[in-house]
Amino acid sequence: QIQRAVNACLKAFAKNQRLADMIAAKLGAKPLVRSLQKHVEEGTLVGTSEAITAIVIHSDANIDLFAAAGVCPAVAHVLGTNKENPAVLASATTTLRAISSKTDQIPTVLSADVLPLVIENINNYHDDEEIVKASFGLIANLAENEEAIVELKRLDSANSIMAALEYHPYMKEILDL
């Protein structure tokens, strides 16, 4: 319960780059990364992912801070242990999407071996709009990297993407991604 309250507070305060930078400077990344590693409750994992995303989305420096603290392996752990929980999968994938928005961090995301989990989530939850949006956004970011493209081909991601697109033929945001 304490972690959930902290997550809500951090998310509320991280409204712009200046505030997100202040939070990152004072708190660092390790407490939130540790939360992803040790908590198992849906609300806590979703809240932690959302707080991390709110902090990093405004700042490349914060992305680097969280990547160096091990956020990608922690999110991979969350994705691997919460396959039956779409809300957790969507929020964790959104965090990866935010980290991968900085091209320099794409190798860090890839090294956490999250792509097979993301493709599996698209296959299992192709009807879930939030999972599809988060996954497609992550894939769009990763497609800037040649190594990621090779891995996406190896995982036969095109078929997974097409199946999800067929389920959401009129969702502009998904189509744009």
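Scope of this entry: the structure provided in the associated data block. Each chain has its residues counted from 1, running along the sequence as written. Restriction of local features to residues with pLDDT of at least 70 applies here, the model being predicted, together with a cutoff of 80 or more for giving and counting side-chain atom pairs; totals for whole chains, interfaces and linings are based on all residues. Think of the side-chain values as coming from all heavy atoms in the structure, minus any hydrogens and water.

**Re the overall build of the protein**
So the rule is basically this: A helix here means a DSSP run of H or I that spans at least four residues, while a strand means a run of E at least two residues long, and both kinds are numbered starting from the N terminus. When we talk radius of gyration, it's over C-alpha atoms, and the globule rule is simply 2.2 Å times the number of residues to the 0.38. Three exposure classes are used, based on accessible area relative to the maximum for each residue type with a 1.4 Å probe and protein chains only: buried under 20%, partly exposed in between, and exposed over 50%. Two residues form a contact once any of their heavy atoms are found within 4.5 Å. Calculation of accessible area relied on Shrake-Rupley with a 1.4 Å probe; when residues are assessed, cover is drawn exclusively from the protein chains displayed. When charges are tallied, Lys and Arg are placed among the positive residues and Asp and Glu among the negative ones, while His and the ends of the chain are skipped. Charged side chains are reduced to one point each, which is NZ for Lys, CZ for Arg, CG for Asp and CD for Glu.
Check the secondary structure of the protein and you find 13 helices and zero strands. Secondary structure of the protein in N-to-C order comes out as α-α-α-α-α-α-α-α-α-α-α-α-α. In terms of C-alpha radius of gyration, the protein reaches 15 Å, essentially the compact-globule figure of 16 Å for 177 residues. A principal-axis box enclosing the C-alpha atoms of the protein has dimensions of 45 × 30 × 30 Å. Burial status across the protein gives 50% buried among its 177 residues. Of the contacts formed within the protein by residues at least 6 apart in sequence, a portion of 74% connects residues at least 24 apart. Accessible area for the protein stands at about 8,700 Å²; split by element, carbon and sulfur atoms hold 53% of it. Across the protein, the mean location of the 15 positive side-chain charges is 10 Å away from that of the 22 negative side-chain charges.

**Concerning the nonpolar core**
If you look at soluble globular proteins, the nonpolar side chains tend to sit buried side by side. Where we set the bar: Take the buried residues of types Ala, Val, Leu, Ile, Met, Phe, Trp, Tyr and Cys, join any two whose side-chain atoms come within 4.5 Å, and each joined set is a nonpolar core.
Counting residues in hydrophobic clusters, the biggest one holds 56 residues, and the most contacted among them are Phe66, Val71 and Leu79. Other than its neighbours up to four places away in sequence, Leu79 contacts Leu89, Ala92, Thr93, Leu96, Val114, Leu117, Val118 and Asn121.

**Focus: the layout of surface pockets**
We count it as follows: Throughout, the protein atoms alone are placed on a 1 Å grid, and a set of points is a cavity if a 1.4 Å probe fits but cannot get out or a pocket if it is open with protein on both sides within 12 Å along at least five of seven lines; lining residues have an atom within 4 Å of a point. Grid points are joined across faces, edges and corners, and a volume is the space filled by probe spheres set on the points. Put simply, Ala, Val, Leu, Ile, Met, Phe, Trp, Tyr, Cys and Pro go in the nonpolar bin, Asp, Glu, Lys and Arg in the charged bin, and everything else, Gly too, in the polar bin.
Of the pockets and cavities examined, the largest pocket occupies roughly 170 Å³. Among the secondary structure elements, those contributing two or more residues to the lining of the largest pocket are α4 (42–56), α7 (86–100) and α10 (129–142). A breakdown of the residues in the lining of the largest pocket according to their chemical character gives four nonpolar, two polar and five charged.

**Comments concerning the pattern of salt bridges**
Worth spelling out the cut-off: Any Lys or Arg side-chain nitrogen located within 4 Å of an Asp or Glu carboxyl oxygen qualifies as a salt bridge.
Applying the stated rule across the entire model yields eight salt bridges. With a closest N to O distance of 2.4 Å, Asp64 and Lys102 form a salt bridge. Here Lys102 lies in the loop between α7 and α8 (106–111) and Asp64 lies in helix α5 (residues 60–68), a separation of 38 residues in the sequence. Since its relative accessible area comes to 28%, Asp64 is described here as partly exposed. Taken together, the shared-partner salt bridges connect Glu129, Glu130, Lys133 and Glu173 into one network.

**So, helix α3 (residues 30–38)**
Heads up, the condition is: The directions from the helix axis to the C-beta atoms are what the arc is built from.
Within the span of α3, buried status applies to Leu32, Val33, Ser35 and Leu36. Down the axis of α3, the buried set is contained in an arc of 150°. They therefore lie on one face. Away from its buried face by more than 90 degrees, α3 exposes Lys30 and Lys38. Buried residues belonging to α3 abut α1 (2–13), α2 (17–27), α4, α5 and α6 (71–81).

**Describing the side chain of Asn7**
For Asn7, the position within the fold is in helix α1. In contact with Asn7, not counting residues within four places along its chain, are Leu32, Thr44, Gly47, Thr48 and Ala51.

**A short note on the environment of Leu27**
Relative to the assigned elements, Leu27 resides in helix α2. Each C-alpha atom, one on Leu27 and one on Met162, is 41 Å from the other, the two residues being 135 residues apart in sequence. Ignoring sequence-local partners within four residues, the contact set of Leu27 consists of Leu10 and Leu32.

**Here we look at α6**
Of the positions making up α6, those classed as buried are Val71, Cys72, Ala74, Val75, Ala76, Val78 and Leu79. If you follow the buried residues of α6, they end up packed against α3, α4, α5, α7, α8 and α9 (115–124).

**Considerations on unusual backbone geometry**
Phi is positive for Asp113, close to 55°, though the residue is something other than glycine. The topology assignment puts Asp113 in the loop between α8 and α9. Backbone geometry places Asp156, a non-glycine residue, at a positive phi of 55°. Relative to the elements of secondary structure, Asp156 occurs in the loop between α11 (146–154) and α12 (157–167).

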